[in-house]
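One letter stands for each residue in the lines below.
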Amino acid sequence: MYAQPRGGWIEVVCGPMFSGKSEELIRRLRRAIIARQRVQIFKAALDDRYSNEEIVSHSSLKLQAIPVENTSQMLDMLDERSEVVGIDEIQFFDADVVPFVQRMANLGKRVIVAGLDLDYKGEPFDVVMRLMAMAEYVTKTLAVCARCGAPASRTQRLVPVNERIVVGSTNVYEPRCRMCFDPDLTQMMQLDLLSGIPRVNTSGTDKGMGKERKPESDDKA
Ligand SMILES: [Zn+2]
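Residues numbered from 1 in each chain as written. Predicted model: local features only at pLDDT ≥ 70, side-chain atom pairs only at ≥ 80, totals over all residues.

## Considerations on the overall build of the protein chain
Defined as follows: A run of H or I in DSSP counts as a helix once it spans at least four residues, and a run of E counts as a strand once it spans at least two, with each numbered from the N terminus. We call a residue exposed when 12 or fewer other C-beta atoms sit within 10 Å of its C-beta, buried when the count reaches 20 or more, and partly exposed for counts in between; the C-beta positions come from the backbone. The contact criterion used is a C-beta to C-beta distance within 7 Å, with each C-beta placed from the backbone.
Within the protein chain, the regular secondary structure consists of five helices and 12 strands. Within the protein chain, buried positions represent 38% of all 221 residues. In the protein chain, the share of contacts with a sequence separation of at least 24, taken over all contacts with a separation of at least 6, comes to 73%.

If you want it as structure tokens, here you go:
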């Protein structure tokens, strides 16, 4: 795609859920495998949505991957002879992953990482943010907004849970554009649950054109 830098480099593929990040990672790694390069692929062990030893895109492309729980495990499993290292779901890793990736690139390896750039509140994941700044190449993938069909850069959580990481797929998340994204939705749902006000499931009906659901201030009490 470009003239290759001397030595190693970092590529970041990031975007919301359902934007084809894993697909793009798999595509690049496949090409390296076809080129007979030594390729090693890691993925965060906590992401067990589909399969434990493979990275799988939503469209079911697969590639064998080593599941690891943290950066030090990845370091243990690293084959020094690897020329290309792929890491999927990079946002699940601890802060040590940033110097780890940097070091691998400094050692002459091509490191390709894929993951979410933003959490369900629309805030950047720290490790991804830092790797994006350090990378030679950054690719942002966009999904299609589930509400209005515009290019989607955000991941909307549809369940009232406050933890930053809730592993799940289509029932829990949907891609949305900037206009349709509502970072406070889960919080409002929780308040509704507490106050006992029934709320229409936002993922089903009311797919208005870019009109986001606002909290009704005139709820009949
Ligand atoms: Zn939209």
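On we go.
## Some details on the environment of valine 159
Inspection of the secondary structure puts valine 159 in the loop between strand S11 (154–157) and strand S12 (173–176). Valine 159 sits in the partly exposed class, given 15 other C-beta atoms within 10 Å. Linking valine 159 and threonine 186, residues 27 residues apart in sequence, is a C-alpha distance of 6.0 Å. Discounting residues that sit within four places of it in the chain, valine 159 has contacts with Val172 and Thr186.

## A closer look at the confidence of the model for the protein chain
Condition: pLDDT is a per-residue confidence score from the predictor, ranging from 0 to 100.
Residues at a pLDDT of 70 or more form 76% of the protein chain, whose mean pLDDT is 84. Scored below 50 in pLDDT, residues 201–221 makes 20 contacts in the model with residues more than four places away or belonging to other chains.

## Describing unusual backbone geometry
Its identity is not glycine, yet phenylalanine 18 carries a phi of approximately 65°, on the positive side. When you line up the elements, phenylalanine 18 lands in the loop between strand S1 (9–15) and helix H1 (21–34).

## Quick word on helix H4 (residues 126–134)
Note the following rule: Each C-beta atom gives one direction from the helix axis, and the arc is the one those directions make.
When we look at burial in H4, the residues that qualify are Val127, Val128 and Leu131. Seen along its axis, H4 keeps its buried residues to an arc of 95°; they face one direction. The exposed set on the far side of H4, more than 90 degrees from its buried face, consists of Asp126 and Ala133. Those residues of H4 hidden inside the fold are in contact with S1, helix H3 (97–106) and strand S7 (110–116).

## Some remarks on the nonpolar core
Note the following rule: Core membership is restricted to buried Ala, Val, Leu, Ile, Met, Phe, Trp, Tyr and Cys residues, and these are joined into a nonpolar core through C-beta atoms within 7 Å.
Within the largest apolar cluster, 49 residues are counted, with the highest numbers of intra-cluster contacts made by Leu29, Ile90, Val101, Val111, Val113, Val127 and Leu131. If you list the elements that add at least two residues to this core, you get S1, H1, strand S2 (39–44), strand S6 (84–88), H3, S7 and H4. Sequence-distant contacts of valine 111, defined by excluding residues within four places in its chain, comprise Gly8, Ile10, Val85, Val101, Met104 and Ala105.

## Structural notes on the sheet that holds S2
Stated precisely, the cut-off is as follows: Strands are labelled as partners when DSSP assigns at least two bridges between them. Axis lines are fitted through C-alpha atoms, for helices just across the contact stretch, and the angle between N-to-C directions can take any value from 0 to 180 degrees.
Within the open sheet, the six strands sit side by side as S5-S2-S6-S7-S1-S8. Their pairing is parallel. Edge positions in the sheet fall to strand S5 (66–68) and strand S8 (137–140), since each has one partner strand and no second. When strand polarity is set aside, the average angle formed by the axes of neighbouring strands in this sheet is 20°. In this structure, S1 lies alongside S8, joined through four bridges in parallel fashion. Bridge pairing in S8 links cysteine 14 to lysine 140.

## Regarding the packing of H3 against H4
We count it as follows: Just so you know how the angles are binned, under 35 degrees is roughly parallel, over 145 roughly antiparallel, 65 to 115 roughly perpendicular, and the rest oblique. When the near helix sits turned anticlockwise from the far one by under a right angle, the crossing is termed left-handed; a clockwise turn instead gives a right-handed crossing. When residues are sorted by character, Ala, Val, Leu, Ile, Met, Phe, Trp, Tyr, Cys and Pro go into the nonpolar class, Asp, Glu, Lys and Arg into the charged class, and all the rest, Gly among them, into the polar class.
Their axes nearest at 9 Å, the elements H3 and H4 cross at an angle of 25°. With respect to each other, H3 and H4 are oriented roughly parallel. As H3 runs across H4, the sense of the crossing is right-handed. Touching Val97, Val98, Val101 and Gln102 of H3 are Val127, Arg130, Leu131 and Met134, all from H4. Looking at the contact of H3 with H4 residue by residue, the class counts come to six nonpolar, one polar and one charged.

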